[in-house]
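Structure at a glance
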Amino acid sequence: MLHEGRLGIQMAHRAAIRSIERVVGENAPLQDAAIAAAGIRRMLEAGSVLVLTGAGVSTDSGIPDYRGPKGSLLRHRPMTYQEFLHEPSVRHRYWARSFVGWRHMAQAAPNSIHRSLAQWEATGKISGIVTQNVDGLHVAAGSLNVIPLHGDLQQISCLNCGALENRENLDVRLHEANPGYLERIDLDPSLVNPDGDVTLDEAHVAEFHMIGCLVCGSKKLKPNVVYFGENVPPERKVRLKELEAQSASLLVIGSSLAVMSGYKLLLDARSSGKPVGLINGGPTRGDSKADYRWRSNIAEAIAVLESSGDGAVRRPM
């Protein structure tokens with residue numbers, strides 16, 4: 001039985017690694033930008049568009065994406081849920097790196113894309129936002145109907161007793177336990193990863209002191225986010241299904257759709273016969289299945305969609 005349990009963990013870990021390493025290449029011809037823009041504009045004019053956002057929406061806020069030209073996967077492999085859950089040294093390394101990286105994540109502010117989406121929701125163009133990001137910037141920009149598909153870095157949960165703690169409070173306690181630690185590290189903001197941590201050398205990791213849960217004292221603390229290899233919570237899936245049912249179409253912004261939890265929204269929309277639009281700087285896993293594929297700088301594309309609708313569209317660079 002124990003062997004079967006370990007085998008299951010190893011299989012889940014390997015599946016997570018395959019998801020991380022998935023390469024998204026060209027799978028459909030590029031579409032004329034004017035045609036794509038016009039189609040997506042018609043979707044927005046009809047209203048009740050479900051928007052799925054990925055890391056590309058937050059790059060203008062200083063948070064790198066995973067798979068872009070300067071994405072964090074070029075220098076860093078995210079840990080899997082199985083590693084975090086079963087290897088104490090991996091958890092310790094994460095918290096040392098996250099303690100440093102949080103300085104940058106906490107300062108990130110919504111950009112023009114987040115603000116535009118909040119306005120679209122207020123005017124009925126979109127029914128809500130499902131985001132793969134864990135930075136909380138959609139809510140900070142004023143969006144109300146937001147489903148954080150992969151959770152939120154702002155909340156910490158104890159894997160031992162289930163107690164929850166706000167990240168700001170945990171950060172205060174980490175400061176008290178690690179006096180002078182941050183001052184000894186010269187952080188390059190460009191090296192902060194989308195999940196909030198940053199690469200540190202082993203010497204700095206070793207000197208970091210982790211603290212315990214306020215309720216039970218356990219050091220098995222985890223940011224309330226969905227890691228690679230972890231399932232989206234069932235209650236979040238129920239809420240997602242309700243929002244999908246209320247929506248007339250799907251618009252994916254800033255995501256390569258490499259991860260199945262996001263790609264499934266596109267498959268659901270297709271099976272329901274709903275229009276699908278994509279706005280991304282590079283290829284996506286769903287290009288061949290989308291009605292409108294707009295390869296563009298995202299902020300520029302959103303600005304065009306907010307214009308008077310004269311049809312003038314800048315060609316992709």
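Residues numbered from 1 in each chain as written. Predicted model: local features only at pLDDT ≥ 70, side-chain atom pairs only at ≥ 80, totals over all residues. Heavy atoms only, no water.

A few words now on the overall build of the protein chain. The secondary structure content of the protein chain amounts to 11 helices and nine strands. Taking all 317 residues of the protein chain together, the buried fraction comes to 52%. (Helix = DSSP H or I, 4+ residues; strand = E, 2+ residues; numbered from the N terminus. Buried < 20%, exposed > 50% of the residue type's maximum accessible area, 1.4 Å probe, protein only.)

Taken together, the buried positions of helix H5 (residues 112–122) are occupied by Ile-113, His-114, Ser-116, Leu-117, Ala-118, Trp-120 and Glu-121. Residues of H5 that are buried in the fold lie against helix H2 (33–46), strand S1 (49–53), strand S2 (126–131), helix H6 (137–140), strand S7 (249–253) and helix H11 (298–305). For H5, the N-terminal cap is Asn-111; the gap from its side-chain oxygen to the backbone nitrogen of Ile-113 is 2.8 Å. Directly beyond the C-terminal end of H5, a positive phi value near 85° is found at Gly-124. (Contact = heavy atoms within 4.5 Å. Polar contact = N/O pair within 3.5 Å; in protein donor to acceptor, adjacent residues only side chain to side chain.)

What follows covers the UniProt feature "binding site: Zn(2+)" (unreviewed entry) in the protein chain. Mapped onto the present numbering, the UniProt feature "binding site: Zn(2+)" (unreviewed entry) falls at Cys-158, Cys-161, Cys-213 and Cys-216. The annotated residues occupy 59 residues of the chain but converge on a single region, no pair of C-alpha atoms lying more than 8.7 Å apart. Here Cys-161 shows up in the loop between strand S4 (151–158) and strand S5 (164–166). If near-sequence neighbours (up to four positions away) are discounted, Cys-161 is found in contact with Cys-213, Val-215 and Cys-216. Among the secondary structure elements, Cys-216 is positioned in the loop between helix H8 (202–207) and strand S6 (221–225). The contacts of Cys-216, once residues within four sequence positions are left out, are Cys-158, Asn-160 and Cys-161. (UniProt positions renumbered as here; feature names shortened; annotations may be inferred.)

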